[in-house]
Amino acid sequence: MKAVVCKAFGEIDDLVIEDVEARAPGPNEVRIKVRAAGVNFPDILIVQGKYQVTPPLPFTPGPESAGDVIAVGDNVKDIAVGDRVMATHPWGGYAEEVNAPAATVNKLHDSIDYATAAAMQITYGTTYHALFDRGQLQAGETLLVTGASGGVGLSAVEVGKAAGARVIAAASNDEKLEVAKQYGADELINYSTENLRDRMKELTGGAGADVIYDPVGGDVFDDAVRCTAWGGRFLIIGFASGRIPAFKINYALVKSFSLVGVFWGSFAARNPQQNRANFETLMQWVDAGKIKPLVSQTYDLDHAVDAMRAIADRKATGKLVITPN
Ligand SMILES: NC(=O)c1ccc[n+]([C@@H]2O[C@H](COP(=O)([O-])OP(=O)(O)OC[C@H]3O[C@@H](n4cnc5c(N)ncnc54)[C@H](OP(=O)(O)O)[C@@H]3O)[C@@H](O)[C@H]2O)c1
């Protein structure tokens, strides 16, 4: 079968497409014919050898996929050959076939196409867990989202709005903000041309945001953390800017706010039942038209690196998806 292969940690341009041997699923594993694979920011870091997880070489990137089950290993219950599913796996998705742990496999509702399924796992899974399990977001509260047109950011705008929050979207240019507006943002802040703290004061009458969802870190974090409301929850999602920030903890004391860590992958591994319930709710929301995850572009396997480059160059909106079959 064809797969994107990383032979040495380094640049994404060094990835190659090769025929590799397909492996039968082991116990508790499911083999999937990949119809769609989601592309994520950390995929680039893994290839560069800069992520917290380093796979044994050679490996195929790709942590999430959707497709058809073509084989099941020993001990697998409730999933059968022919099922339409979505799944997560540490790597392996940029390929015609992948083995996934059965615990991460979810059957798709009929209304959900493969590209949408591949696009909604890591982003919407992270966001649902972040906003509700960790952030305790309530209807009527104000939610600030940074990097608001990116993969996780746009999902936070959409899910926050669906939950009845007032959503303020912040991003680096007006085109990106327009996408966030289409996905439900009530107010927009361009943090390349406007001062984030000043605009947040104007928009919230000085109160700040009850919940802040920050996948960017760096300078954006430095400003955003000063916009947390009394009793607020600042959700640490990621550091796409490349800098892990430090901050003075007296800010948290003065406003009695919480800095809340979010690590969806680890949550999903530790609480597969709760994660499955979260996905069931998300799929019901897709069925009902309450959310519509944005797949802005699809790429065939031969152009997988182009998708990764668009993310590295900060040009992607919503999700990019690879369609190997
Ligand atoms: N905690 C978790 O469980 C979890 C789960 C999934 C992802 N994440 C993390 O969340 C972050 C975003 O992931 P994603 O897949 O949503 O990425 P993405 O689609 O590329 O979005 C990232 C956003 O960050 C902003 N950004 C600022 N500086 C950037 C830079 N130098 N390069 C690229 N983007 C930059 C961009 O928005 P502007 O141009 O508008 O600033 C971009 O839209 C990553 O750090 C990822 O590791 C964490």
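How each quantity is defined
Residues numbered from 1 in each chain as written. Predicted model: local features only at pLDDT ≥ 70, side-chain atom pairs only at ≥ 80, totals over all residues. Heavy atoms only, no water. Axes fitted to C-alpha atoms, helices over the stretch in contact; angles between N-to-C directions. Helix = DSSP H or I, 4+ residues; strand = E, 2+ residues; numbered from the N terminus. Parallel < 35°, antiparallel > 145°, perpendicular 65-115°, else oblique. Contact = heavy atoms within 4.5 Å. Nonpolar A, V, L, I, M, F, W, Y, C, P; charged D, E, K, R; others polar. Salt bridge = Lys/Arg side-chain N within 4 Å of Asp/Glu carboxyl O. Buried < 20%, exposed > 50% of the residue type's maximum accessible area, 1.4 Å probe, protein only. 1 Å grid on protein atoms, 1.4 Å probe; cavity = no way out; pocket = protein on both sides within 12 Å on 5 of 7 lines; lining within 4 Å. Points joined across faces, edges and corners; volume = space filled by probe spheres on them. Domains from an automatic or database assignment. Buried area = accessible area lost by both parts, 1.4 Å probe. Polar contact = N/O pair within 3.5 Å; in protein donor to acceptor, adjacent residues only side chain to side chain. Phe/Tyr/Trp six-rings, centres within 6.5 Å; stacked < 30°, edge-to-face > 60°. Lys NZ or Arg CZ within 6 Å of the ring centre and 35° of its normal. Core = buried A, V, L, I, M, F, W, Y, C linked by side-chain atoms within 4.5 Å.

(A) Main features of the packing of helix 1 (residues 41-48) against helix 11 (residues 304-312). Remark: helix 1 packs on helix 11, axes separated minimally by 9 Å, with the N-to-C direction vectors making an angle of 105 degrees. Compared by their axis directions, helix 1 and helix 11 come out roughly perpendicular. Listed contacts from helix 11 to Phe41, Asp43, Ile44 and Val47 of helix 1 are Met308, Ile311 and Ala312. Per-class residue counts for the contact of helix 1 with helix 11 are six nonpolar, no polar and one charged.

(B) The arrangement of the pattern of salt bridges in detail. Within the structure shown, the criterion is met by 16 salt bridges. Of the charged contacts, one joins Glu18 and Lys7 as a salt bridge, the two residues approaching to 2.6 Å between their closest N and O atoms. Taken together, the residues span a long stretch of sequence, with Glu18 in strand 2 (residues 16-19) and Lys7 in the loop between strand 1 (2-5) and strand 2 at a distance of eleven residues. Given a relative accessible area of 28%, Glu18 falls into the partly exposed group. A salt bridge links Asp68 to Arg35; its shortest N-O distance comes to 2.7 Å. One end of the pair, Asp68, is in strand 4 (residues 64-72); the other, Arg35, is in strand 3 (residues 29-39), with 33 residues separating them in the sequence. Note on Asp68: relative accessible area 14%, which makes it buried. What you see here is one network of salt bridges that share partners, running through Asp13, Asp306 and Arg309.

(C) Empty space enclosed by the protein, seen in detail. Taken as a whole and assessed by the stated rule, the structure comprises one cavity of 30 Å³ or more. The volume enclosed by the largest cavity comes to roughly 50 Å³. What lines the largest cavity is simply Ala119, Tyr124, Gly150, Gly151, Leu154, Ser155, Pro293, Leu294, Gly318 and Lys319. Per-element accounting of the lining of the largest cavity gives the leading share, three residues, to helix 4 (residues 151-162). Partitioned by chemical class, the residues of the lining of the largest cavity number five nonpolar, four polar and one charged.

(D) A look at the domain arrangement of the protein chain. In terms of domains, the protein chain is made up of domain 1 (2-108 + 294-322) and domain 2 (123-265). Spacing between the C-alpha centres of domain 1 and domain 2 amounts to 29 Å. Across the boundary between the two partners, domain 1 contributes nine residues, which contact 14 residues of domain 2. Both faces considered, domain 1 and domain 2 share a buried interface measuring about 850 Å² in area, 58% of it formed by carbon and sulfur atoms. For domain 1, the biggest contributors to the area lost against domain 2 are Leu294, Arg314 and Thr317; these three give 47% of the whole. One can count zero salt bridges joining domain 1 with domain 2. Between the two partners, domain 1 and domain 2, sit two residue pairs in polar contact (both at pLDDT 80 or more). In the side of domain 1 that touches domain 2, the residues fall into three nonpolar, four polar and two charged.

(E) Geometry of helix 3 (residues 122-134). Of all the 13 residues making up helix 3, eleven are buried; the element is thus mostly covered by neighbouring parts of the structure. Turning to helix 3, its buried residues number three or more, namely Ile122, Thr123, Tyr124, Gly125, Thr126, Thr127, Tyr128, His129, Ala130, Leu131 and Phe132. Just beyond helix 3, the residue with positive phi is Gln136, at close to 50 degrees.

(F) A look at the layout of surface pockets. Its boundaries defined by the atoms lining it, the second largest pocket holds a volume of some 470 Å³. Lining the second largest pocket are 23 residues, and of these Met1, Arg23, Thr60, Trp91 and Gly92 lie nearest its centre. Of all the secondary structure elements, the ones that give two or more residues to the lining of the second largest pocket are strand 1, strand 3 and strand 6 (97-101). The residue makeup of the lining of the second largest pocket, split by class, is 13 nonpolar, four polar and six charged.

(G) Seen up close, the side chain of Asn275. Mapping Asn275 onto the fold places it in helix 10 (residues 272-287). With sequence-adjacent residues up to four places away left out, Asn275 is seen in contact with Trp264, Phe267 and Ala268.

(H) Quick peek at the packing of aromatic side chains. By the definition in use, this model includes ten aromatic pairs. With centroids separated by 6.0 Å and ring planes inclined at 90 degrees, the aromatic side chains of Phe221 and Phe247 adopt a geometry described as edge-to-face. Placement of Phe221 in helix 7 (residues 218-224) and of Phe247 in the loop between strand 12 (228-236) and helix 8 (250-255) is noted, with a sequence separation of 26 residues between them. Take Phe221: its relative accessible area is 6%, and that puts it in the buried class. Among the aromatic residues, ring-to-ring pairing joins Phe221, Phe234, Phe247, Tyr251 and Phe257 into one connected group. Geometry around Tyr114 places Arg84 over its ring, the cationic atom sitting 4.8 Å from the centre.

(I) Here's a closer look at the nonpolar core. Within the largest apolar cluster, 50 residues are counted, with the highest numbers of intra-cluster contacts made by Leu131, Leu143, Tyr213, Leu235 and Leu282. When residues of this core are assigned to their parent elements, the largest contribution, six residues, is made by helix 3. For this core, the domains that each give at least three residues are domain 1 (2-108 + 294-322) and domain 2 (123-265). Membership of the second largest hydrophobic core comes to 34 residues, among which are Ile46, Val98, Leu301 and Leu320.

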